[in-house]
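The primary structure of each chain is shown beneath.
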Amino acid sequence: IGAYQVSLPDKSKVTFLDTPGHEAFTEMRQRGANVTDIVVLVVAADDGLKPQTVEAINHTKAAGVPMIVAINKIDKDGARPQRVREELLQHEIVVEDLGGDVQDVEVSALKKTNLDGLLEASNHQAELVELKANPKRAAEGAVVEAKLDKGRGPLATVLMQRGTLKVGDIFVVGAVPGKVRAMIDDKGRQVKEAGPSVPVEVLGLSGVPSAGDTLTVVENDARAREVAAYRQSLLDKKRTTSAPISVENMFASRASQTKEFPLVIKADVQGSAEAIASAINRISTEDIRARILHSGVGAITESDVILASASNAPIIGFNVRPNAKAREIAERNKVEFRYYDVIYHLTDWVRGAMAGELGPEMIETVLGRAEVKEVFPAGKKDKAAGLLVLEGVIRKGLHARLTRDDVIVSKTTISSLRRFKDDVPEVRTGLECGVLLADTNDIKPGDHLEVFEVEERARTL
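Conventions and cut-offs
- Residues numbered from 1 in each chain as written.
- Predicted model: local features only at pLDDT ≥ 70, side-chain atom pairs only at ≥ 80, totals over all residues.
- Heavy atoms only, no water.
- Helix = DSSP H or I, 4+ residues; strand = E, 2+ residues; numbered from the N terminus.
- Rg over C-alpha atoms; globule rule 2.2 N^0.38 Å.
- Contact = heavy atoms within 4.5 Å.
- Areas by Shrake-Rupley, 256 points an atom, 1.4 Å probe, with all protein chains shown as cover.
- Lys, Arg positive; Asp, Glu negative; His and termini not counted.
- Charge placed at Lys NZ, Arg CZ, Asp CG, Glu CD.
- Pairing = 2+ DSSP bridges.
- Axes fitted to C-alpha atoms, helices over the stretch in contact; angles between N-to-C directions.
- Core = buried A, V, L, I, M, F, W, Y, C linked by side-chain atoms within 4.5 Å.
- Buried < 20%, exposed > 50% of the residue type's maximum accessible area, 1.4 Å probe, protein only.
- Salt bridge = Lys/Arg side-chain N within 4 Å of Asp/Glu carboxyl O.
- Parallel < 35°, antiparallel > 145°, perpendicular 65-115°, else oblique.
- Left-handed = near helix turned anticlockwise from the far one by under 90°.
- Nonpolar A, V, L, I, M, F, W, Y, C, P; charged D, E, K, R; others polar.
- Expected span 1.5 Å × (residues − 1).

**Student:** Give a detailed account of the overall build of the chain, specifying residues and quantitative values.
**Tutor:** Within the chain, the regular secondary structure consists of ten helices and 26 strands. Over its C-alpha trace the chain gives a radius of gyration of 33 Å, far above what one expects of a compact globule, namely 23 Å for 461 residues. If you line up the chain on its principal axes, its C-alpha atoms span 100 × 60 × 45 Å. Look at the contacts in the chain between residues 6 or more apart in sequence, and 66% of them connect residues 24 or more apart. For the chain, the exposed surface amounts to about 25,500 Å²; the carbon and sulfur share of it is 48%. Distance between charge centres in the chain, computed from 62 positive and 68 negative side chains, equals 5 Å.

Structure below.
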């Protein structure tokens, strides 16, 4: 997850912004399409188009960015580049070989085959769209990634889009002000300035911004604080403003009665925290929904544990661990830590934990229906019902619902089942029988009886 530069033989440079292919990283792919000049769509020659490939195509179209298709893994035995070209047609991507205007390049990343051809195609595309930027204006850039580093504080990987960012520049990014203390390039070297299309890691932020925020250089500290405070007030207002009463809100308030599963999420980088939150929110159902109390970057701290303890929530650490003080408080307050480095393992656990919170699922299967033909005394207090079985089977011990004019009169069980004078285990369709119903004597001719069994299953989401 990041950006890096490749030098060409003519000493020009191409900057690549790398976005993950996993479906959980939808927002990152969308952001990537919006901040790049050319999209290189990598498709495996042996696998063809995947759902996330189609998603990337849609993001590219929405952003209005030109595309180059890199057909990878052509060294594999099952490689079928022509099939990839044909599959792209279904999504209105027509490559040059088929009479279209989209360049496609067959490559092998493993064998380093034709990577020069991919760079040439990128250069050619850049010339066609006449990409230009002014390096002498106030700098602007897009935050690709952000994190909290233990030793260096808040860090942001910024892809410069226009102007030149210099050490000492004062800026605001989202609702976070800052001053450039240092810049690190993609090779880990300190640099004094970064012009258009240069990716750098910026030190000197007062907080961790959101990935996708725009970094803008301003004239002084006061202006940076003013802009940041205004943007923060808008965010706070958006969070606290109550919606007007409407039919939709009434339904929303009813939905708010759904059971909640609280969580605290800490990750190593902003993009991962964002992807995890998005993946967890998709697990929610009508019966239970995940409620993320806090999602942030950096080590798990005492405040995270206190927040989780107050809501009896587990803390999920993705590539991060708690500090010593946090572990001590967690042990005292019985707060659960869960550590992961693969998003799908994390979501599997959340799905299982939410299902466990709801308890087992009760599956009801209707086995038979019957009509009450007559009612007669059975002992001093009870009443027996003479039934005609209309469909299925009536069995002793089954759960039953007695209905009158399609309204449930009572929920009961069949405590006794007879045919003529004999006790029988079951009676089938078309036959008559007599039953005693447990805990009810409110039976009338014309009532209907529906019998069913209930199976308890482990719930899945």
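There's plenty left to go through after this.
**Student:** Tell me about the sheet that holds strand β16 (residues 288-297), and please be specific about residues and values.
**Tutor:** In spatial order, the strands read β16-β15-β17-β18; together these four strands make up an open sheet with parallel pairing. The sheet is open, and its two edges are formed by β16 and β18 (337-340), each paired on a single side. Within the sheet, the average angular offset between the axes of one strand and its neighbour, ignoring direction, is 25°. For strand β15 (residues 259-267) and β16, the ladder comprises nine bridges, and the chain directions are parallel. Within β16, the residue paired with Ile-265 across the bridge is Ser-295. The strands touched by helix α7 (residues 270-281) within the sheet are β15, β16 and β17 (315-318), with β16 carrying the most contacts at an inclination of about 175°.

**Student:** With reference to specific residues and values, describe the nonpolar core.
**Tutor:** Formed by 20 residues in total, the largest nonpolar core has its most connected members in Ile-280 and Val-350. Within the residue set of this core, elements represented by two or more residues are β15, α7, β16, β17 and α10 (343-358). When residues of this core are assigned to their parent elements, the largest contribution, six residues, is made by α10. The contacts of Ile-280, once residues within four sequence positions are left out, are Leu-263, Ile-265, Ala-290, Ile-292, Ile-316, Leu-346 and Val-350. Counting residues in hydrophobic clusters, the runner-up holds 19 residues, among them Ala-370, Ile-394, Val-424 and Val-427.

**Student:** Any chance you could break down unusual backbone geometry for me, citing the residues and the numbers?
**Tutor:** A positive phi is found at Lys-73, a non-glycine position, where the angle reads about 65°. Within the secondary structure, Lys-73 sits in the loop between β4 (67-72) and α3 (81-89). With relative accessibility at 32%, the residue Lys-73 sits in the partly exposed group. The phi angle at Asn-319 is positive, at roughly 60°, despite the residue not being glycine.

**Student:** I'd love a proper account of the pattern of salt bridges, names of residues and values included.
**Tutor:** This structure, assessed with the given rule, holds 29 salt bridges. A salt bridge links Lys-187 to Asp-186; the shortest N-O distance between them is 3.1 Å. Among the ionic pairs, Arg-404 bridges to Asp-447, the shortest N-O distance being 2.8 Å. Taken together, the residues span a long stretch of sequence, with Arg-404 in strand β21 (residues 399-404) and Asp-447 in the loop between β25 (432-437) and β26 (448-457) at a distance of 43 residues.

**Student:** Which residues make up the packing of helix α8 (residues 302-310) against helix α9 (residues 324-333), and what values do they have?
**Tutor:** With their axes 8 Å apart at the nearest point, α8 and α9 run at an angle of 20° to one another. As summarised for this structure, α8 and α9 are arranged roughly parallel, according to the angle between their axes. You can see that α8 and α9 cross each other, and the crossing is right-handed. Where α8 approaches α9, its residues Glu-302, Val-305 and Ser-309 are matched on the opposing element by Lys-325, Ala-326, Ile-329, Ala-330 and Asn-333. Per-class residue counts for the contact of α8 with α9 are four nonpolar, two polar and two charged.

**Student:** For the pairing of strand β13 (residues 199-205), give the residues involved together with the corresponding values.
**Tutor:** Most of β13 sits inside the fold, with seven of its seven residues counted as buried. Of the pairings in the sheet, the one linking strand β7 (residues 153-162) to β13 comprises five bridges and is antiparallel in character. Across the sheet, residue Thr-157 finds its bridge partner in β13, namely Glu-201. Summarising the sheet, strand β10 (residues 176-184) and β13 pair through four bridges and their orientation is antiparallel. Each bridged residue has a counterpart across the sheet, and for Met-183 the counterpart in β13 is Val-202.

**Student:** Explain the pairing of strand β14 (residues 214-218) residue by residue, including any values.
**Tutor:** The sheet contact formed by strand β6 (residues 140-149) and β14 spans three bridges and is antiparallel. Across the sheet, Gly-141 pairs through a bridge with Leu-215, a residue of β14. Pairing of strand β9 (residues 170-173) with β14 involves four bridges; the strand directions are antiparallel. Residue pairing across strands places Val-172 opposite Thr-216, the latter belonging to β14.

**Student:** Give a detailed account of the sheet that holds strand β3 (residues 39-44), specifying residues and quantitative values.
**Tutor:** The strands making up a sheet associate through backbone hydrogen bonding, with each pair oriented either parallel or antiparallel. Spatially, the three strands line up as an open sheet ordered β3-β4-β5, and their pairing is parallel. Each edge of the open sheet carries a strand with a single partner, namely β3 and β5 (103-106). Strand-to-strand twist of the sheet, defined as the mean angle between neighbouring strand axes without regard to direction, takes the value 25°. Against the sheet, α3 touches β3, β4 and β5, its axis set at about 145° to β4.

**Student:** Could you give an account of α7, naming the residues involved and the relevant values?
**Tutor:** Between its first and last C-alpha, α7 extends 17 Å over twelve residues, near the 16 Å set by a 1.5 Å rise per residue. In terms of residue burial, α7 counts as a mostly covered element, since ten of its twelve residues are buried.

**Student:** Before we move on, could you go through the environment of Glu-219 and cite the residues and values that matter?
**Tutor:** Assignment of secondary structure puts Glu-219 in the loop between β14 and α5 (221-240). When the C-alpha atoms of Glu-219 and Lys-111 are compared, they prove to be 49 Å apart, with 108 residues separating the residues in sequence.

**Student:** How would you summarise the environment of Val-375 if you had to cite specific residues and measurements?
**Tutor:** Position of Val-375 among the secondary structure elements: in strand β19 (residues 361-378). Classification of Val-375 as partly exposed rests on a relative accessible area of 28%. Val-375 sits 70 residues away from Pro-445 along the chain, and the two C-alpha atoms are 6.4 Å apart.

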